[in-house]
Structures are given as C-alpha cells and as structure tokens.
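Tertiary structure, described
Below are the chains, spelled out letter by letter.
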Amino acid sequence: MSNEEMTSVWDRFKYGISKEEMFPDQAPIITEVVDSMRQLPIVGITQKEGGTQLKLIIEYEDGGQALFKPMRFPRTQETLPNHFYFTDYERHNAEVAAFHLDQLLGFRRAVPVTGRILNITRDIYSLAEGDLLKTFFISPAGNLCFHGKCSYYCDTSHAICGNPDMLEGSFAAFLPAKSVAPRKTWRHPWRRSYHKRRKAKWENDPDYCEVVKDVYPYNKGRRLLDVMDLSIFDFLMGNMDRHHYETFKLFGNDTFPVHLDHGRAFGRSSHDEMSILAPLYQCCVIRHSTTAMLLSYHSGPVLLSAALNRSLSSDPIKPVLTNQHLEAVDRRVGLVLQVVRECLDTAEMAENVVFIRDDLYSNVKPDQPVDDGHYFS
C-alpha cells in the first residue's frame, strides 16, 4: 500500500510495524492512534468471541476498531488471596499501564492502549444487539449494568456496572487483520500448567533452559533474549498469565514477540512472584540494552515508578496505578538486577550472560529440533 493510500490513522499505524518493533521511538502516529481511541464517536459494539472474560469490539465512525475491556473494581481491590492466576479478574488499568511500561523499557512491542470513560447508555446500550442487549439491567443501587456471555464472570453476580451509567475501560488498537499480516502463535517455553495441582516441567527442572536452548529458534539470535525481556516485563507487572505469544509471519523468526493481553497484571502489589523470572535465572542471559535500562532506572535520577507515573498522568483514567503498585515496580527492578548479579557471579565470563548484540548468542549444534509453535507442551 502506497503512502497516498494510507489515509487513516489506523492504516499508518498498522503498516508502520517493522521487523524490529511495533512502532519507532516517540512516533507521532502513536499519539494520533491514542487520541483517536479516546475521542472518536463510537458507532458500533459487538462482543468479542472466545476468551474467559467480557471484551467488546468498538467501531469508530472513521472505520477504526479497538478492543474494550471494562472496569470491574476500584484500583484498591487486588487479586483475591484464594484465586489462581488463571481465574483472576482482568483489570482494565493493567492494560493501560503495561503499554506505558513497555515503552519506558525501550521495547515498543505492545499495541497502543488508552483509558476512556464511556456513557453506557449512549456508547454501549444504544448500540448493543442480540444476546448482549439481553444482559442489560438496572441494579438495586440504580446503576446500569450488563454482563454479556463468556466462560468466566459473565452473569448477574459478576456484572459490569456504571456509576450510574459512566464506565471506565481500556481501549487497545487492533493489529492488522490476519488476512493481511498473518501471525504465528507460539506456546511459551515457560508456560504455566494452568492447573490447580500440576506443575509445569520448568518448575521441577532447574536445568530446563538447556532443553529450550537446544531448540530452534531459541538456539541463536534474538528469540531467547526476547523471552528474557518478556519475563522481566511480566515480573515488573506481576503478570503470571503468559501462556502463548505471537510473531508476524511476514518477518520470519528473527523478529519481536508481540506483547499482548496484560489484563491480569498489577494484581498483588505486596508480592513479588519470582517464578516469573524463571527464564532469566535458569538461562542467565540478558541483553546489554535491557540491563543498562534497568540500571539507569535503579540508580536514578529518575526511578521507573516516577517515569511510569508521569507517563500515565496524561491518561483519561488517571491515576492508573496505586502508589503501592508503583513502589512495587521499583522494588522489582532491584530484584531483577540481583538475579543478573548472581548470574554474573557464577559465569566464567560476563560475555556469556550479558549480550551486546543478539547475534553473539549462539547455541547451534547439529540435528537440533525445531519449534513449530507447539513444541513446548
């Protein structure tokens, strides 16, 4: 598609995705996409099929689309102590915070996300049809509520309610259609069991990384280092819900994993789930650029919490995170660097842990297995 044909904000974002990143640093188009999601009138609503919790596909008057996740609880309500990571509620503010954190870490692998406050009557109820429309009701407190249809938390006792009909939510930009830019889905090598009693292989095998490093594309180049970045990103947010990731087929295997779906992050500010860092402490490899970024936030003058808070202060649903979650981010930066230090202490050479360039990492051997996306069960 030529530049002349890319007239919409949405097309310019989608066709600007490169092999290296979702968008360039400080790209003006991202501001335009975010502003459009915040401001454009909504002309259509449909419930997204699949998934465990309610999500709506939003259609704007200019033909653009966004994925809407509604607010369920106030910021102060954290993950319930007896909930597993796979039954936790999704948090709209976590999606917003994750997008900003991804940029601040220099990754730029997440889709643009913003908060927005809707009028349920005007923006959802008046546009709803079919089964979705049947789930609207007025609560005993006089608030307008709905629950849609999904596998978890889509019933009257878990309804989404306005105040009385105003509702916060996160809006995530759509990626290019799969017919235009097909994506490959990969099972994450450090995927959790998603079972109440069973543990995943990596939880019982401290040498599990040797298995992963023996499989293409984790045996050379950027992919294993991308998984390290992703584990650090998830750890800083407390996100245990990372079962798959996607890449764009067009770019082959030497490309970034898309950072998607962070609704279960920022759930427990007082708990640091070290197992999220299993890829890092089992493999003991990390990019120099990631290490340098973390060190700069750890030593100041600007802490990651302050940078994140400042970035989030422009969002319509500010404050996006509580102070407790912001403080947790700084604490976790220190914990990641502690793991890196322990890796360096046990390594023969620092170059075996911290890689200045992706192509310096190689574990290529004859007859290694190839991951087709489903190798790690």
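Residues numbered from 1 in each chain as written. Predicted model: local features only at pLDDT ≥ 70, side-chain atom pairs only at ≥ 80, totals over all residues. Heavy atoms only, no water.

Turning our attention to the packing of helix α10 (residues 288–299) against helix α12 (residues 323–346). In contact at an axis separation of 10 Å, α10 and α12 are set at 135° when each is read in the N-to-C sense. Between α10 and α12, the crossing angle belongs to the class labelled oblique. Pair α10 / α12 crosses with left-handed handedness. In this structure, α10 uses Thr 291, Leu 294, Leu 295 and His 298 to contact α12, whose residues at the interface are Val 333, Gly 334, Val 336 and Leu 337. Broken down by class, the residue content of the contact of α10 with α12 amounts to five nonpolar, three polar and no charged. (Axes fitted to C-alpha atoms, helices over the stretch in contact; angles between N-to-C directions. Helix = DSSP H or I, 4+ residues; strand = E, 2+ residues; numbered from the N terminus. Parallel < 35°, antiparallel > 145°, perpendicular 65-115°, else oblique. Left-handed = near helix turned anticlockwise from the far one by under 90°. Contact = heavy atoms within 4.5 Å. Nonpolar A, V, L, I, M, F, W, Y, C, P; charged D, E, K, R; others polar.)

Another aspect to go through is the packing of aromatic side chains. Here a ring pair, both rings aromatic, is described through the centre-centre distance and the interplanar angle of the planes. Inspection of every chain in the model, using the stated rule, returns 16 aromatic pairs. Ring geometry for Phe 136 against Phe 146: centres 4.9 Å apart, planes inclined by 20°, an arrangement best described as stacked. Pair noted here: Phe 136 is in the loop between α5 (130–133) and β5 (137–138) and Phe 146 is in strand β6 (residues 144–146), with a separation of 10 residues, a long-range link. For the pair Phe 136 and Phe 146, one class covers both residues: buried. With centroids separated by 5.8 Å and ring planes inclined at 85°, the aromatic side chains of Phe 355 and Tyr 361 adopt a geometry described as edge-to-face. For the pair Phe 355 and Tyr 361, a shared accessibility class is recorded, and that class is buried. Site record: aromatic cluster; members linked through ring pairs are Trp 190, Tyr 208, Tyr 218, Tyr 375 and Phe 376. Across the ring face of Phe 171, the terminal group of Arg 116 is positioned such that the distance to the ring centre comes to 5.7 Å. The aromatic ring of Trp 186 is capped on one face by Arg 223, whose charged end is 4.4 Å from the ring centroid. (Phe/Tyr/Trp six-rings, centres within 6.5 Å; stacked < 30°, edge-to-face > 60°. Buried < 20%, exposed > 50% of the residue type's maximum accessible area, 1.4 Å probe, protein only. Lys NZ or Arg CZ within 6 Å of the ring centre and 35° of its normal.)

The next thing to look at is the environment of Ser 311. Along the chain, Ser 311 turns up in helix α11 (residues 304–312). By relative accessible area, which is 24% here, Ser 311 ends up partly exposed. Sequence separation of Ser 311 and Ile 42 is 269 residues, and the distance between their C-alpha atoms is 26 Å.

Attention now goes to unusual backbone geometry. The step from Gly 300 to Pro 301 runs through a cis peptide bond, and the omega angle for that step is 15°. Mapped onto the elements of the fold, Pro 301 is located in the loop between α10 and α11. Following Lys 318, the chain continues into Pro 319 via a peptide bond in cis, with omega recorded as -5°. Examined against the element boundaries, Pro 319 turns out to sit in the loop between α11 and α12. One non-glycine residue, Arg 108, lies in the positive phi region at around 55°. The topology assignment puts Arg 108 in the loop between α3 (92–104) and β4 (113–119). For Arg 108, a relative accessible area of 15% translates into the label buried. Backbone geometry at Asp 261 places phi at a positive 70°, although glycine is not the residue there. Secondary-structure assignment places Asp 261 in the loop between β10 (244–248) and α9 (278–283).

Those residues of α11 not exposed but buried are Leu 304, Ser 305, Ala 307, Leu 308 and Leu 312. What you see down the axis of α11 is that its buried residues fit within an arc of 165°, all on one side. Looking at the buried side of α11, the elements it contacts are α3, α8 (223–237), α10 and α12. (Arc of directions from axis to C-beta.)

With respect to the helices and strands, the residue Lys 55 is situated in the loop between β1 (42–47) and β2 (56–60). When its relative accessible area of 9% is taken as the criterion, Lys 55 is described as buried.

A word on the state of the cysteines. In total, this model carries four disulfides according to the counting rule given. One disulfide in the model links Cys 150 with Cys 154; its S-S distance is 1.9 Å. Because the sign of the S-S torsion sets the handedness, a value of about 100° for the bond joining Cys 150 and Cys 154 places this disulfide among the right-handed ones. Under the relative-accessibility criterion, Cys 154 is labelled buried at 14%. Here Cys 209 engages in a disulfide with Cys 283; their sulfurs sit 1.9 Å apart. Its torsion about the S-S bond being 105°, the disulfide of Cys 209 and Cys 283 is classed as right-handed. (Disulfide = S-S within 2.5 Å.)

Each turn of an α-helix holds 3.6 residues, which means side chains three or four residues apart point in the same direction. With 13 residues, α3 should cover 18 Å at 1.5 Å per step; its first-to-last C-alpha distance of 19 Å lies within 8% of that length. Most of α3 sits out of view: 12 of its 13 residues are buried. Just beyond α3, the residue with positive phi is Gly 106, at close to 80°. (Expected span 1.5 Å × (residues − 1).)

The interhelical angle for the contact between α3 and α11, taken along N-to-C directions, is 125°, at an axis separation of 10 Å. Relative to α11, the element α3 lies oblique. Our pair here, α3 against α11, has a crossing hand that is right-handed. Note on element contacts: α11 touches α3 through Leu 304, Ala 307, Leu 308, Ser 311 and Leu 312, opposite Val 96, Ala 97, His 100, Leu 101 and Leu 104. The residue makeup of the contact of α3 with α11, split by class, is eight nonpolar, two polar and no charged.

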